[in-house]
Amino acid sequence: MKYTFPITDKKFVETLIPQKYPFAMVDGLIAYSPTEITASLTVCPENILATHKEFSASGLIEHMAQTVALHTGFEYHIAEKQVPTGYIGSIKTVEVTKLPKTGETIETTAEILQEFMGVTLVNITSKVNNEIIAKAQMKTVLAK
């Protein structure tokens, strides 16, 4: 099956991750390759991780992790397999320089550095209006 990017159908995107409303923190799949993904999230005022008209640092980190989950989920979707559940295994570094406001759209790119036996090491960069607002390196782990 051939896909045209960006994919902005929130319901379809949500089928590609194990998290569901109200905890889904990605709503668009902007670009995909076997070694990289870019996902988006428009921060709504109702978002459970938004407070005082801005997205929390915890929400931003969860969005980053779900971007990695979206990469895995899309990969499994293409292979016609069931989307697996995964977890943040570790966060090596995280730097948040600015929190997004409600109404803003975050675009996050995860570069897959290494994948082995269900453990994925990634570098992640989040931007709002092309301005870098956060960077992280983390490992995610698929549940067995």
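S.K.: I keep staring at the sheet that holds strand S6 (residues 105-116) and nothing clicks. Help me out?
M.R.: By way of backbone hydrogen bonds, the strands of a sheet pair with one another, either parallel or antiparallel. Taken in spatial order, the six strands line up as S1-S2-S6-S7-S8-S5 in an open sheet, and their pairing is antiparallel. Since the sheet does not close on itself, it has two edges, and those belong to strand S1 (28-33) and strand S5 (86-96), each with one partner. Mean inter-strand twist for the sheet, computed between neighbouring axes without regard to direction, equals 20°. Across seven bridges, strand S2 (residues 36-42) lies against S6 in antiparallel orientation. Within S6, the residue paired with Ile 37 across the bridge is Ala 110. Sitting on the sheet, helix H2 (residues 57-78) touches S1, S2, S5, S6, strand S7 (119-128) and strand S8 (131-142), and the angle it makes with S8 is about 55°.

S.K.: How should I be thinking about the nonpolar core in this particular structure?
M.R.: Most often, soluble globular proteins keep nonpolar side chains buried together rather than apart. One finds Leu 29, Phe 55, Leu 70, Ile 106, Ile 124 and Met 138 to be the most contacted residues of the largest nonpolar core, which totals 33 residues. Looking at this core element by element, the count peaks at eight residues for H2. Excluding residues that lie within four positions of it along the chain, Leu 29 makes contacts with Phe 5, Pro 6, Ile 7, Val 13, Leu 16, Ile 37, Thr 38, Leu 70 and Phe 74.

S.K.: Please explain H2 as it appears in this structure.
M.R.: Because each turn of an α-helix spans 3.6 residues, side chains separated by three or four positions end up pointing in the same direction. For H2, with 22 residues, the first-to-last C-alpha span of 32 Å sits near the 32 Å given by 1.5 Å per residue. In terms of residue burial, H2 counts as a mostly covered element, since 16 of its 22 residues are buried. One or two steps after H2, the chain reaches Glu 80, where phi turns positive at roughly 60°.

S.K.: Even after reading the chapter, I still don't get the environment of Lys 20, so can you show me in this structure?
M.R.: On the secondary structure map, Lys 20 appears in the loop between helix H1 (10-15) and S1. Look past the residues within four positions of Lys 20 in its chain and what remains in contact with it is Glu 14 and Thr 15. A polar contact of 2.7 Å, which involves the side chain of Lys 20, links it to the backbone oxygen of Glu 14.

About the cut-offs
Residues numbered from 1 in each chain as written. Predicted model: local features only at pLDDT ≥ 70, side-chain atom pairs only at ≥ 80, totals over all residues. Heavy atoms only, no water. Pairing = 2+ DSSP bridges. Helix = DSSP H or I, 4+ residues; strand = E, 2+ residues; numbered from the N terminus. Axes fitted to C-alpha atoms, helices over the stretch in contact; angles between N-to-C directions. Contact = heavy atoms within 4.5 Å. Core = buried A, V, L, I, M, F, W, Y, C linked by side-chain atoms within 4.5 Å. Buried < 20%, exposed > 50% of the residue type's maximum accessible area, 1.4 Å probe, protein only. Expected span 1.5 Å × (residues − 1). Polar contact = N/O pair within 3.5 Å; in protein donor to acceptor, adjacent residues only side chain to side chain.

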